[in-house]
Structure formats: structure tokens, C-alpha cells
Amino acid sequence: MLKPMLRLLACLMPLATGALAADGGTVGFATKATQAYMIEASTRTVLLAKNEDQGFSPASLAKLMTVDLVFEAVTKGQITLDTEYPVSEYAWRTGGAPSRTATMFASLKSRVRAEDLIKGIAIQGANDACIVLAEGMAGSEQQFAESMTRRARELGMEKAVFGNSTGLPDGKGPDSRSKVTAREMVTLAAALQQSYPNLYPYFKQPEFEWNKILQRNRNPLLGFDLGADGLATGFTEGEGYSIVASVERDGRRLFLALAGIASDKERTEEAKRVLEWGLTAFENRQIFADKEVIGAASVYGGTARTVDLVAKAPVSVYIPISNPDRLSARIVYHWPLTAPVKPDYQAGTLRIFAGSRLLREVPLYTVQAVDEGSLSSRAVDAMLELGESLFFSWLWDKSAPG
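Here the structure is a predicted model, which means the values were calculated and not measured. (Residues numbered from 1 in each chain as written. Predicted model: local features only at pLDDT ≥ 70, side-chain atom pairs only at ≥ 80, totals over all residues. Heavy atoms only, no water.)

Enquirer: Describe the overall build of the chain, and please don't skip the residues or the numbers.
Expert: When helices and strands are tallied, the chain shows 8 helices and 18 strands. Here the chain holds 402 residues, and the buried ones make up 51% of them. The contacts in the chain between residues at least 6 apart in sequence include a share of 68% that link residues at least 24 apart. On the chain, roughly 18,300 Å² of surface is accessible, and the fraction owed to carbon and sulfur atoms is 51%. (Helix = DSSP H or I, 4+ residues; strand = E, 2+ residues; numbered from the N terminus. Buried < 20%, exposed > 50% of the residue type's maximum accessible area, 1.4 Å probe, protein only. Contact = heavy atoms within 4.5 Å. Areas by Shrake-Rupley, 256 points an atom, 1.4 Å probe, with all protein chains shown as cover.)

Enquirer: Talk me through the sheet that holds strand β3 (residues 46-50); I want residue IDs and the actual numbers.
Expert: Spatial ordering of the open sheet is given by β3-β2-β10-β9-β8, a layout of 5 strands whose pairing is antiparallel. One side of each edge strand has no neighbouring strand; the edge strands of this open sheet are β3 and β8 (228-236). Ignoring which end each strand starts from, the neighbouring axes of this sheet average 5° apart. Bridge count between strand β2 (residues 35-40) and β3: 4 bridges; the pairing is antiparallel. Looking across to β3, one finds that Tyr-37 is bridged to Ala-49. (Pairing = 2+ DSSP bridges. Axes fitted to C-alpha atoms, helices over the stretch in contact; angles between N-to-C directions.)

Enquirer: Let's hear about the pairing of β2: which residues, and what values?
Expert: Buried residues dominate β2, accounting for 6 of its 6 residues. Burial of the side chains of β2 extends over both faces: Gln-35, Tyr-37 and Ile-39 are buried on one face and Ala-36, Met-38 and Glu-40 on the other. Where β2 and strand β10 (residues 252-261) come together, 6 bridges link them in antiparallel fashion. When the sheet's bridge partners are listed, Met-38 is paired in β10 with Leu-256.

Enquirer: Could you give an account of the pattern of salt bridges, with specific residues and numbers?
Expert: Enumeration over the complete set of coordinates arrives at 23 salt bridges. The shortest N-O distance in the salt bridge between Arg-113 and Asp-116 comes to 3.3 Å. Relative accessible area serves as the criterion here: at 10%, Asp-116 is assigned to the buried category. For Glu-270, the salt bridge goes to Arg-273, with nearest N and O atoms at 2.8 Å. Residue Glu-270 and its partner Arg-273 are both found in helix α7 (residues 264-280); the two are separated by 3 residues, about one turn of the helix. (Salt bridge = Lys/Arg side-chain N within 4 Å of Asp/Glu carboxyl O.)

Enquirer: Just give me the short version of the packing of aromatic side chains, but keep the residues and values in it.
Expert: Enumeration according to the criterion identifies 7 aromatic pairs in this entry. Ring centres of Phe-71 and Tyr-196 lie 5.6 Å apart, and the angle between their planes is 70°; this geometry places the pair in the edge-to-face category. Of the two residues, Phe-71 is situated in helix α1 (residues 63-75) and Tyr-196 in the loop between α6 (182-195) and β6 (207-210); the sequence distance between them amounts to 125 residues. Given a relative accessible area of 0%, Phe-71 falls into the buried group. Across the ring face of Tyr-365, the terminal group of Lys-312 is positioned such that the distance to the ring centre comes to 4.5 Å. In this structure, Arg-330 packs its charged tip against the face of Phe-353, placed 5.0 Å from the ring centre. (Phe/Tyr/Trp six-rings, centres within 6.5 Å; stacked < 30°, edge-to-face > 60°. Lys NZ or Arg CZ within 6 Å of the ring centre and 35° of its normal.)

Enquirer: Go over the nonpolar core with me, naming the residues and quoting the values.
Expert: Ranked by internal contacts, the top residues of the largest apolar core, which has 63 residues, are Leu-64, Phe-71, Phe-162, Met-185, Leu-192 and Phe-203. The element best represented in this core is α1, accounting for 8 residues. Ile-294, Leu-309, Ile-352 and Leu-359 belong to the second largest nonpolar core, which has 27 residues in total. (Core = buried A, V, L, I, M, F, W, Y, C linked by side-chain atoms within 4.5 Å.)

This is how it looks when you write it as C-alpha cells:
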């Protein structure tokens, strides 16, 4: 059998969409951020991408992964919101009042409930709260940090590395610092909001008081009429200011990550500007209806030579209202499928592009079963496979619905 090939079906559709520039920005829209990534949540359409896979130091954005591990433990019943953890001297000195960093002012040798520690992180970005939870849940901050990196891989964050629970510099030089990408931080933000709907609202609480000290939420976007409800900000010497944000307005939710911004003030202004653009400059366009056959995959050695492919739900993308251009789509799968083929088998992926920029990917599933064919039909298919592997092209067109 020849080595499986990737078959691409090019689908040219005359839809209105914003052309994406080669540098990763969008024609007619530019951001001051060095790295940027923004998606619409329901369709996972990429609205903005700029150096989205370029690594940067997360600083306090690392605390979002700490929160993810805590939320997961609460959801699985491994801990409760009333579980108490002690404040060690290390946690107090490194992230508490003596540290002069973001803190909830937890007292040395006191015991603090998990829910209050969560509030300390989500509302105040408290370093002491992160370390107390890390030590309490994993035995040491280092072991917890290793769990953070493992969890990142589970979420599909292939480049992310976390050296501690806070994002504070580890003192070992720039080469050993935690690293993330803008795309990965959007992945993490979406996971927090979608996986833990009952716990996620901690991020938008306006204030939190602990040890008789009241502090306002550090998220600068909560004060605007954007629909912001999370998540975190960061700063790294030499790399600038960063933010991971989520907004929901008029039934539309966006996730955004920006990094490499020059100042705190510019970070707020830029995040607000990008999100407003994302909320107002796009419209939802359905490309394929529910259960509509999107394409067909070749089958080797079966009673039929092709099997129809569909998505699990209607396929839509968010496209700019202005700057009309053409979308393209490709069905990608390992060619050919080998009989027998069961129905509802994930056989490939629909990839939708604007220019060269990938907007979204949609899994495709087989519609019908294809049984194994006779010996003679398999012999014919073997000859066809050999010929098509030497020279093969297949162009498939579909006009967009009106």
C-alpha cells in the first residue's frame, strides 16, 4: 500500500471577507501590539492575527494557567471552595506584603480558603494567592509549575512553558523564563470561560477585600461599556505590556491576546480599540447548512469509491462587513480511506481561509458506511490508487448561499 497522501479540495466561494495581509495583520486595520490574536468564540473564526505564534514572557498572564488548574480541581471534586491552605513564609515573602508586588495581603502562617485565594488571583492578580495554592495543591511551587506545562499540552498549547505559578522572573536569565504565545493565551482564555462557566465570573467581580484591605479589580477594561468579563494583564521588563481579554455583547463573544505594547495606558486604549472593531466590523455568514454534504472522500477497496462528508453543525464564519474579497476552503484528509468505513467517522477537516490566513477548522464526518469490496474491486482500486498517486488533481467548486 502506498503511503497515505493528503488530498486537498479547493473550494472558491465569492463571499465578502477582509483580505489578510502577509505580515499577519488585516488590511485596513493595524495594531500597535507586537503579538496579537483574536477570535470569535462560537465559530472560532480568527479576526486578527499578528505574530500569533511568536513566544513572549507571560508575566502575570501565567496566573491564568494557575487558575485553570484550580478550577479543574474544584470541578472534579479534588478540592472544594472551602479547602484551606497555609500561608508559608516563602509565599508571604515572595508574593505577599514584603514583596511589593500584586498581593492580597495574606498574613504569614494564616490559613486561607481556596475561594478567597481564587478571588485574590482573579480580581487582584495576587502573587501570594498563587503560591499558597501551588504549594497546597502540589507540595511545592516547582511541582505545580510542571503541572501547569503538562496542562498546557492537554489544551493544545504546544509551545507554552511555565516556570512558576505567578509569572514572576525566576532570576535565572531570559532563556529560562516562562514562554507563551498570543494564540495559546486565547486558547487558555476560551478554555477557562467555556469549561468552567460557574467559576469564570470571579474574573469580573469589581473588588475584593482581604485583611481589611480593599482592592479594585485590576482589569482596566471592566470600566468601559464593552461587555468585558475577564481576564488578566501582564508586564515584563524589556518586552512591554500584555493583556488577555474576553468580551460578550449582543450575543457575540470575543477572546483577545495582545503583547509587546509600550505602556499601561496604551495597552488599555489598544485593547479597547481592537475589541470595539471586532464587535462592530464583522458579520456572521453561514457557508454550509446543517447536515449539508460538504464534499466526498475517496475510499480504497470498498463497495463504493467515495463517501460523503458533513460537519456536526452549520458552518459559519465571521467576515468583515467592508473590504470584500473571496474566501477559499479546503477539505484535508489522508487519501484514500480504506474500507470498511463506518458512518460518523471523523475522516477529515474543512479549512477555511481568507487569502493565506486560516480562519477556522471544522472536523468532517462520514455520512454512510462503506463495506469492504470484492477481491476484483480491490484490485481495480489498487491500480487507480497507483495512477492517482502519480498524477492527481481535483477541483471542487461551490457557490455561496445567497
